[in-house]
Amino acid sequence: MEKKVKSVPSLADAHLGSRSDMSLEGLRRTFREHVFYTQGRLPVVATTNDLYMALSFTVRDQLLHRWIKTVEQMGRENLKVVSYLSAEFLLGPHLENNMINLGIYDEVRRTAEDAGQDIQALFDQEEEPGLGNGGLGRLAACYLDSLATLEIPAIGYGIRYEFGIFDQEIRDGWQVERTDQWLRLGNPWEIRRPEITCDVGFGGRTESYQDDQGRFRVRWIPHRTVKGVAYDTPILGYRVNTCNLLRLWKAEAVESFEFEAFNVGDYYGAVDQKITSENITKVLYPNDEPVQGKALRLEQQYFFVSCSLQDMLRIYKLFGGDLKQFAGHFAIQLNDTHPAIGVAELMRLLLDENGMDWDTAWDVTRNTFGYTNHTLLPEALEKWPVALFAGLFPRHMEIIYEINRRFLDEVRNRFPGDEGRVARMSLIDESGERYVRMAHLACAGSRAVNGVAELHTRLLQEDVLRDFHDMMPEKFSNKTNGVTPRRFMVLSNPGLSRLITSKIGEAWVSRPEELRRLEQFVDDGDFREAWRRVKHENKQNLARLIHARTGIEVDPSSMFDIQVKRIHEYKRQHLNVLHIIALYNRLKQDPACDLCPRTFIFGGKAAPGYFMAKRIIKLINSVAEVVNNDPDVSRKLKVVFFPDFNVKNTKFVYPAADLSEQISTAGKEASGTGNMKFSMNGALTVGTLDGANVEIREEVGAENFFLFGLTAEEVDSLQRNGYQPMEFYRDNPVLQGVIERLTSGHFSWGDQELFKPLIDSLLYHDTFMLFADFGAYVNAQQQVDAAYRDPERWTRMSILNVSRMGKFSSDRAIREYCRDIWNVKPVRVELD
Ligand code: 26Q
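What counts and what doesn't
Residues numbered from 1 in each chain as written. Predicted model: local features only at pLDDT ≥ 70, side-chain atom pairs only at ≥ 80, totals over all residues. Heavy atoms only, no water. Pairing = 2+ DSSP bridges. Helix = DSSP H or I, 4+ residues; strand = E, 2+ residues; numbered from the N terminus. Salt bridge = Lys/Arg side-chain N within 4 Å of Asp/Glu carboxyl O. Buried < 20%, exposed > 50% of the residue type's maximum accessible area, 1.4 Å probe, protein only. Arc of directions from axis to C-beta. Contact = heavy atoms within 4.5 Å. Domains from an automatic or database assignment. Right-handed = clockwise from strand over helix to strand, strands pointing away. Axes fitted to C-alpha atoms, helices over the stretch in contact; angles between N-to-C directions. Near = heavy atom within 4 Å. Polar contact = N/O pair within 3.5 Å; in protein donor to acceptor, adjacent residues only side chain to side chain. Areas by Shrake-Rupley, 256 points an atom, 1.4 Å probe, with all protein chains shown as cover. Nonpolar A, V, L, I, M, F, W, Y, C, P; charged D, E, K, R; others polar. Phe/Tyr/Trp six-rings, centres within 6.5 Å; stacked < 30°, edge-to-face > 60°. Lys NZ or Arg CZ within 6 Å of the ring centre and 35° of its normal.

S.K.: How should I be thinking about the sheet that holds strand β15 (residues 428–429) in this particular structure?
M.R.: Pairing between the strands of a sheet comes from backbone hydrogen bonds, and it takes one of two forms, parallel or antiparallel. Spatial strand order, β14-β16-β15: three strands in an open sheet with antiparallel pairing. Every other strand in the sheet has two partners, leaving β14 (383–385) and β15 as the edge strands with one partner each.

S.K.: Looking at this model, I keep getting lost on the pattern of salt bridges. Mind explaining?
M.R.: Opposite charge on two side chains makes pairing possible when the charged atoms of those side chains draw close. A full pass over the atoms with the stated rule returns 74 salt bridges. A salt bridge links Arg109 to Asp106; the shortest N-O distance between them is 3.3 Å. Here Arg109 and its partner Asp106 are both found in helix α5 (residues 105–114), three residues apart, which amounts to about one turn of the helix. Of the residues examined, Arg109 reaches a relative accessible area of 24% and is grouped as partly exposed. A salt bridge links Arg405 to Asp409, with the shortest nitrogen-to-oxygen separation between them at 3.9 Å. Here the residue Arg405 and the residue Asp409 both occupy positions in helix α14 (residues 394–414), the gap between them amounting to four residues, near one helical turn. For Asp409, a relative accessible area of 36% puts it in the partly exposed group. One continuous salt-bridge network, built from bridges that share partners, spans Asp359, Glu402, Arg405, Arg406, Asp409, Arg412 and Glu419.

S.K.: How do you make sense of helix α12 (residues 358–368) when you look at a structure like this?
M.R.: An α-helical segment advances 3.6 residues per turn. Residues three or four places apart therefore align on the same side. Among the residues of α12, those classed as buried are Trp358, Ala361, Trp362, Val364, Thr365 and Thr368. Projection of α12 onto a plane perpendicular to its axis shows the buried side chains occupying an angular sector of 165°, all on one side. As for α12, its buried residues are in contact with β12 (330–335), α11 (342–353), β13 (369–372), α14 and α16 (438–444).

S.K.: How should I be thinking about the domain arrangement of the chain in this particular structure?
M.R.: Frequently, the measure chosen for interface size is the accessible area removed from exposure when the parts meet. Split into domains, the chain comes out as domain 1 (1–77 + 95–124), domain 2 (82–93 + 128–187 + 233–243 + 290–480 + 816–822) and domain 3 (503–710 + 773–806). One C-alpha centre belongs to domain 2, the other to domain 3, and the line joining them spans 33 Å. Taken together, the 31 residues of domain 2 in the interface contact 34 residues of domain 3. Here domain 2 is connected to domain 3 by two salt bridges. Across the pair Lys618 and Asp172 runs a salt bridge, and its minimum N-O distance is 4.0 Å.

S.K.: Looking at this structure, I do not really get the pairing of strand β22 (residues 659–662). What am I missing?
M.R.: For a regular strand, side-chain orientation follows a simple rule: the groups alternate between the two sheet faces. The side-chain alternation of β22 yields two buried faces, one formed by Leu659 and Glu661 and the other by Ser660 and Gln662. As defined by bridge partners, strand β19 (residues 559–564) adjoins β22 across two bridges and the pair is classed as parallel. When the bridges of β22 are listed, Ile562 appears paired with Ser660. As paired strands, β22 and strand β23 (residues 684–687) are joined by four bridges and run parallel to one another. Residue pairing for β23: Glu661 is matched across the bridge by Val686. Taken together, β22, helix α25 (residues 674–680) and β23 form a β-α-β motif whose crossover is right-handed.

S.K.: Even after reading the chapter, I still don't get the sheet that holds strand β24 (residues 706–707), so can you show me in this structure?
M.R.: Read across the sheet, six strands follow the order β21-β20-β19-β22-β23-β24 without closing on themselves; strand pairing throughout is parallel. Edge positions in the open sheet fall to β21 (637–642) and β24, since each of these has one partner strand only. Pairing of β19 with strand β20 (residues 598–603) involves six bridges; the strand directions are parallel. Looking across to β20, one finds that Phe560 is bridged to Thr599. Relative to the sheet, helix α32 (residues 791–803) contacts β22, β23 and β24, its axis offset from that of β23 by approximately 90°.

S.K.: I would appreciate a short explanation of helix α20 (residues 494–504) in the present structure.
M.R.: Regarding α20, the residues found buried are Gly495, Leu496, Ser497, Leu499, Ile500 and Ile504. Immediately beyond the C-terminal end of α20, within one or two residues, lies Gly505, with a positive phi of roughly 75°.

S.K.: How should the site of the ligand be read in this particular structure?
M.R.: In the neighbourhood of the ligand, 20 residues make up the surrounding shell, with Leu136, His374, Asn481, Glu669 and Gly672 lying closest. Note that an oxygen atom of the ligand is positioned 3.0 Å from one of the backbone N or O atoms of Ser671. Between the ligand and Gly672 there is a distance of 2.8 Å, counted from an oxygen atom to a backbone nitrogen or oxygen. Isolated, the ligand exposes 620 Å² of accessible area, and the fraction of that covered by the protein chains is 93%. At three residues, helix α7 (residues 135–149) tops the list of elements feeding residues into the shell around the ligand. For the shell around the ligand, the residue count by class is seven nonpolar, eight polar and five charged. Counting only domains with at least three residues in the shell around the ligand, you end up with domain 2 (82–93 + 128–187 + 233–243 + 290–480 + 816–822) and domain 3 (503–710 + 773–806).

S.K.: Which parts of the structure should I look at to understand the environment of Gly482?
M.R.: As for its position among the elements, Gly482 is in the loop between β18 (476–478) and α19 (485–491). Gly482 sits 407 residues away from Gly75 along the chain, and the two C-alpha atoms are 29 Å apart. Leaving out residues up to four positions away in the same chain, Gly482 has contacts with Leu139, Cys142, Tyr143, Met676, Phe808, Ser809, Ser810, Arg812 and Ala813.

S.K.: Can you help me understand the packing of aromatic side chains in this one?
M.R.: The geometry of an aromatic ring pair is captured by two quantities: the separation of the ring centres and the angle between the planes. Evaluated as defined, the whole model comprises 26 aromatic pairs. An angle of 70° between the planes, with centres 5.8 Å apart, marks the rings of Phe389 and Phe393 as edge-to-face. Note on accessibility: Phe389 and Phe393 belong to one class, buried. When the ring of Phe521 is compared with that of Phe527, the centres are 5.7 Å apart and the planes differ by 55°; the resulting orientation is tilted. Phe527 shares its class with Phe521; the two are buried. Following the ring pairs from residue to residue traces out a cluster consisting of Phe202, Trp220, Tyr302, Phe389 and Phe393. Between the NZ or CZ atom of Lys605 and the centre of the ring of Phe166, over which it lies, the distance is 5.6 Å. Here the guanidinium or amino end of Lys677 rests over the ring plane of Phe488, the centre of that ring lying 4.5 Å away.

See below:
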């Protein structure tokens, strides 16, 4: 149903004055006011940033009364709020998204144009908040969008990193990291709340005492205390009044400490304290798997979790809530184990700070949390050395021991005599150095555990969390990931969105199942022609950007074959490169051979300390340099590494893709979400049966998907039976030719050492089985080539992909979470 939000009722107008006026005239006036009164500029001297800021404030003004109303409602009786705890939120730019969700795109564009400003130039001015690494952080952002769109009261809680994910530059083919400066020119989307603060302790010791009723109690005397200050950002839903809250915490020094130190003359000590306190939220760890033993990372996690839980309890008490009923009013979701210490922290707050008894507190805690797992790689399961953990959080360590003692009693009750199982399930890993196992803490302390795609959830249940599934199968469920069609279709691909809307109306934006209605036009030649035109324009746009960023000229009528995602061996960007080299060899042997022209585009950041990943980037650039400059091949092949792939430039990438590379080793990618973004924008997928690829293929139809490679079961059994990459190598002359090119130094100016670590790792280990899948991959790529030569067939497949992607909207995912895990219902926000 279309909701009217444009008419702000007169009462609100009376209260709020002209700034809530969404008419063109009202927006113009507000904009002029912000240029002058907020930015302090006369229009003639206003910089692009001044105008961007003024326009953002103009749009933000439209959010504020919706936001205030939404937050006000959260305190209402019998209302349950979702609290999404995530160490990362990868939001992307706000301005354009908010314009779309408010339904005032054209008015705001014209407002800017009237002031002589191209709206695109103002969009370009916005620094994106890169407060995440990749999939997990972007998922959190999509879920916030869907929660608001579905009118679910929700708060996202996280960390306000001063430096988000680094900016990537490519120099001489290598990745160079530059610090992200997203706050440099100010952030018009956040409001600092200096009066909303929490104290968070670290280190120290615990002591026991008897309270006035003679009960045994424990208190924690931290060695140091840091203050968390709330920074709030409004998250508006699409064409609704619900405007939820993203509350990010910044660490600051506790004032009283500074003051004390100052009084005793230790001025420099006080300054030191200020600096160390602020360190906690200084920088995002740029790794998308755990870093071993970094105390600061554990401090970050505890810091934001403690602030968030204290905040929820404060809000709850403010409205007179009874703590025993807390779980009925807050559903807290743990985005992976990063906030899992929250289980122990909620226990501590209830026991020590609120005098609750253990059993009641455990009941409340266990009923409040849900835990989402995002990985299958055993090395990516978070664990912390007990010594480190106990040093920072002595009270939490005690609580975890007690949770564990009781939990293992339950295990023993259920499985008498099975001490092997007890050791496997323990919250403490005692097989060598002792560790706290965060996933076990999360499982024990939650009422629901879920994976992020069907295959992933099945493998979790059969493997990584098998013992937990054996003991409590009712806790487990699957929630296949989704992405928001607002950002990833409407905002990113206006051309395609307009074409779709011209055929089936605009209801698909809130109900992407409606996209199915496009299927009826698949035989309409004019429609297919229009579809191709949109894709071609999108490819021209990307080609221009590639030229501007890299100097490489690419031909928009060649096939755009794209792989963008974090660089990881399991994601196998280097398998893609091996295929490119195979094509290169073919063309060198027979320059006239019949190959469909292709442009291979890569993008993605490598963790700064990940040696192999960085070398894969260098490899891509080295191959690019040779291929692009060799006249024998460069008319057929181009290779591009697109630097600094981030949310902001996704809008040029997904809409321009013909082919989406989703080629991870089966059983390694939990879900993937880029796979969804590509397919929603009309790219076809070449992929393995991994993560959500399996479900995408089911939805779009096997005939519209280029499948290759071993299944997860085959990968597993090959691994067990002693996988020998050399056997595949010996049997495959094409592969031999590829490896020979590499070892000869052909792509490295004769340097035979540069890629040796990569090649040796493949020849002698090949943990991710590139060689085992190579033959099948090359074949699948031949199918792709054949299909692309028939534009009508390709276009049909592309249309069918888009029309069958409705399932992968994050709205569907969030509805499932609401129904199966959170037990929350939509609440309409009325503006009075
Ligand atoms: C943990 C501890 C210390 C330092 C860093 C970390 C850390 C940070 C980020 C560990 C993991 C991550 C990110 C993981 C991630 O992005 N996983 C992806 O999640 C997506 C959303 O569910 C899935 O689609 C991807 O398959 C999965 O790889």
